[in-house]
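Chains, contacts and geometry: an overview
Read off the chains here:
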Amino acid sequence: VFFVNDTATTEIYTRSLVGSVRCVQETGYILTCNVSLEYEKTEVNSGFFWKDAEGREKLIKSERAFTDEKVMKILDLKRKVCKEEKDQPKKNFVVINQKGIDPLSLDMLAKEGIIGLRRAKRRNMERLILACGGNAVNSVDDLTESDLGYAELVYEEELGDEKYTFVEGVKQLKSCTILIKGPNDHSIAQIKDAVRDGLRAVKNTIDDKAVVVGGGAFEIAASQELKQYMDTLSGKIKLGVELFADSLLIIPRTLAENSGFDSQECLLKAMQETKEKKIPFGIDVDTGEPLGADARAIYDNLCVKRNFLSIAPALTQQLLQIDEIIRAGKQMAPDKLADQTFVHSKHSPHNDIY
């Protein structure tokens, strides 16, 4: 598992313990690849025969040469880009492979000072490219320096019973990881949900390019606007508008109740301030007093408000339709029973008709 440390966020990993740090590489190139660097058996059944031990050794070398050639191409690239220069920090090389790397290939990489990480998950590979740069290569042929990513520090850290690889100091700030630590799974889950909700709120704000005043201010102002609009209507439709306006006040009323204040008093004060000053006023959860729209910079997402205003009437209509269906079914049941006649079988000793 890879932890990429910088500004943006893509995925959250959670652990509650911190352990030792080992395998540190500073100022290094990163090669992300999806190439098999291990000896693989053939997919079809095949047999090899040899006359003597020398023939057997030649056969083993020829089988191994295919994998060694791919490793040598990586080593040649490392020697090319990691030349030691005066007054320049030493550059290192890290290979992160989505497929396997066998022990012999790992030994060849280690002799050149290369850290090899095998069987990385695809999602981690994609995010490493976003953070470190470079390209995810599927072949080691024609490798160039442009295919490599860059990071200032790569190290392995043990968290609990598992080992993780941290990649820090990346150049492209398009991906990173948030590490959450907590005393138990419940605390970690709560923090994780809070972080996800916060990130989603930021994303919604960027997408909407607008916000709505929070703290119940929007609901109070919308309720008063609906009641003013109700005066222009006539008939039963006025009752529906009035009920919808009153239902919006549930949110500020709940805020006051959860804060330990008299909900009715707090709501009336906020409504009075909104009506007098002609600007939205919410409820201050610390004091219970009316709170100006921009006083604490409390805002809600526009898309969230738009969705609940459109979903609430649709759900109400569906529930009312269900009630009508149930009521109609109850009225029809006695009439059907009265019209039905039940006749006993011919084999029955009784031939009464009911």
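Our structure is the block above this text.
Sequence order as written defines residue numbering, which begins from 1 separately in each chain. Side-chain atom pairs in this predicted model are given and counted only at pLDDT of 80 or more, local residue features only at pLDDT of at least 70, and totals for whole chains, interfaces and linings cover all residues. The side-chain values count all of the structure's non-hydrogen atoms but skip hydrogen atoms and water molecules.

**A few points about the overall build of the chain**
Broken down by element type, the chain carries nine helices and 13 strands. Throughout, exposure labels follow a simple rule: accessible area from a 1.4 Å probe, protein chains only, divided by the maximum for the residue type, with under 20% read as buried, over 50% as exposed, and the rest as partly exposed. For the chain, the residues scored as buried account for 31% of the 354 residues in total. By the convention used here, residues are in contact when the closest approach between their heavy atoms is within 4.5 Å. For the chain, the share of sequence-separated contacts (at least 6 apart) that also reach a separation of at least 24 residues comes to 67%. Within the structure as shown, the chain displays about 23200 Å² of accessible surface, and the carbon and sulfur contribution to it stands at 54%. Helix and strand definitions here come from DSSP, where helices need a minimum of 4 consecutive H or I residues and strands a minimum of 2 consecutive E residues; each element is numbered from the N-terminal end. Each accessible area is a Shrake-Rupley result for a 1.4 Å probe, and residues are judged covered by the shown protein chains and nothing else.

**Looking at the packing of helix α6 (residues 237–248) against helix α7 (residues 250–258)**
Taken N-terminus to C-terminus, the directions of α6 and α7 make an angle of 25°; their axes are 4 Å apart at the nearest point. What the angle tells us is that α6 and α7 run roughly parallel. Contacts between α6 and α7 involve Asp 246, Ser 247 and Leu 248 from the former and Ile 250, Ile 251 and Pro 252 from the latter. The axes used here are C-alpha line fits, helices contributing only the stretch in contact, and every angle between their N-to-C directions lies in the interval 0 to 180 degrees. Roughly parallel here means an angle under 35 degrees, roughly antiparallel means over 145, roughly perpendicular means 65 to 115, and every remaining angle is called oblique.

**Section: the environment of Leu 302**
Take Leu 302: it is sitting in helix α9 (residues 302–339). Since its relative accessible area comes to 25%, Leu 302 is described here as partly exposed. Discounting residues that sit within four places of it in the chain, Leu 302 has contacts with Asp 208, Ala 210 and Val 212.

**Examining the side chain of Asp 147**
Looking at the element boundaries, Asp 147 is found in the loop between β6 (136–137) and β7 (149–159). Notably, Asp 147 is buried but unbridged: the nearest opposite-charge side chain belongs to Lys 80, and the N-O separation is 9.7 Å. A polar contact of 2.9 Å, which involves the side chain of Asp 147, links it to the side chain of Asn 135. Residues in contact with Asp 147, not counting those within four places in the same chain, are Leu 31, Gly 134, Asn 135, Val 137 and Asp 142. The charged-residue count follows a simple rule in which Lys and Arg add positive charge and Asp and Glu add negative charge, with His and chain termini not counted at all. Within this document, salt bridges are pairs made up of a side-chain nitrogen of Lys or Arg and a carboxyl oxygen of Asp or Glu, the two lying within 4 Å of each other. Any pair of nitrogen or oxygen atoms within 3.5 Å is treated as a polar contact; in protein, a donor-acceptor pairing is required on top of that, and neighbouring residues in sequence qualify only through side-chain atoms on both sides.

**Topic: unusual backbone geometry**
Phi is positive for Asp 142, close to 60°, though the residue is something other than glycine. The class of Asp 142 is exposed, set by a relative accessible area of 72%. A positive phi angle, close to 60°, is found at Lys 278, a residue other than glycine. Mapping Lys 278 onto the fold places it in the loop between α8 (263–277) and β11 (281–283).

**Examining the packing of aromatic side chains**
Any Phe, Tyr or Trp ring, taking Trp's six-membered ring, that has another such ring centre within 6.5 Å forms a pair; planes under 30 degrees apart are called stacked, those over 60 apart edge-to-face, and the others tilted. In total, this model carries two aromatic pairs according to the counting rule given. Geometrically, the ring pair formed by Tyr 29 and Tyr 150 is edge-to-face, given 6.3 Å between the ring centres and 75° between the ring planes. Here Tyr 150 lies in strand β7 and Tyr 29 lies in strand β3 (residues 21–33), a separation of 121 residues in the sequence. Comparing Tyr 29 with Tyr 150 shows no difference in burial state: the two are buried. Aromatic side chains Tyr 155 and Phe 166 sit 5.2 Å apart centroid to centroid with 5° between the ring planes, which places their arrangement in the stacked category. With Tyr 155 in strand β7 and Phe 166 in strand β8 (residues 162–170), this residue pair connects regions lying 11 residues apart in the sequence.

**Brief notes about the pairing of strand β4 (residues 92–97)**
Along β4, six of the six residues are buried, which leaves the element largely enclosed by surrounding structure. Of the two faces of β4, both are covered, the one formed by Asn 92, Val 94 and Ile 96 as well as the one formed by Phe 93, Val 95 and Asn 97. Relative to strand β5 (residues 114–117), β4 runs parallel, the two being bridged by four bridges. Across the sheet, Val 94 pairs through a bridge with Ile 115, a residue of β5. In this fold, β4 hands off to helix α2 (residues 103–111), which returns the chain to β5; that crossover is right-handed. The pairing criterion is simple: DSSP has to find at least two bridges between the two strands. When the strands point away from the viewer, a crossover counts as right-handed if the path from the first strand over the helix to the second runs clockwise.

Any link to function would need more than the numbers given here.
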